[in-house]
Amino acid sequence: MSVEPVTTRDYEAHTSSEPLQLTKTEIEEISEMLLYEELSRARIRDLEEGVRAQRARGSARAVRRWNRVARWAAQRAERYQHQN
């Protein structure tokens, strides 16, 4: 028995004028594939959200670091201005 992969897009693209002739086993297999497809999409969304959050934290860390460097440079420049 060969099973053709069916995605949500394939299922929606199927014309409704011709009825699908599916057995109970095929329906269960399609349902299972669609469920796994949705789970995969949810995992991808979770990973993307995690990456965005990590980048935001990294960006904030870089801003704090450059603020410290700028503050240090300003203090150092001020010290040298007062010495001369």
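The structure under discussion appears in the preceding block.
Presented here is an overview of the structure given in this document. Just so it is clear, the model here is predicted, and its values are computed rather than measured.

1. Section: the overall build of the chain
Right, so step 1: If you tally the helices and strands in the chain, you get 2 helices and 0 strands.
Right, so step 2: Of all 84 residues assigned to the chain, the portion counted as buried reaches 4%.
Right, so step 3: A total of about 7900 Å² of accessible surface is found on the chain, and carbon and sulfur atoms cover 53% of it.

2. Some points on a nonpolar patch on the surface
Right, so step 1: Side chains of L35, Y36 and L39 sit close together on the surface and give an oily, nonpolar patch of about 300 Å² of accessible area.
Right, so step 2: Note on L39: relative accessible area 39%, which makes it partly exposed.

Conventions adopted
Residues numbered from 1 in each chain as written. Predicted model: local features only at pLDDT ≥ 70, side-chain atom pairs only at ≥ 80, totals over all residues. Heavy atoms only, no water. Helix = DSSP H or I, 4+ residues; strand = E, 2+ residues; numbered from the N terminus. Buried < 20%, exposed > 50% of the residue type's maximum accessible area, 1.4 Å probe, protein only. Areas by Shrake-Rupley, 256 points an atom, 1.4 Å probe, with all protein chains shown as cover. Patch = residues over 30% accessible without salt bridge, like charges linked within 9 Å, V, L, I, M, F, W, Y side chains within 5 Å. Salt bridge = Lys/Arg side-chain N within 4 Å of Asp/Glu carboxyl O.

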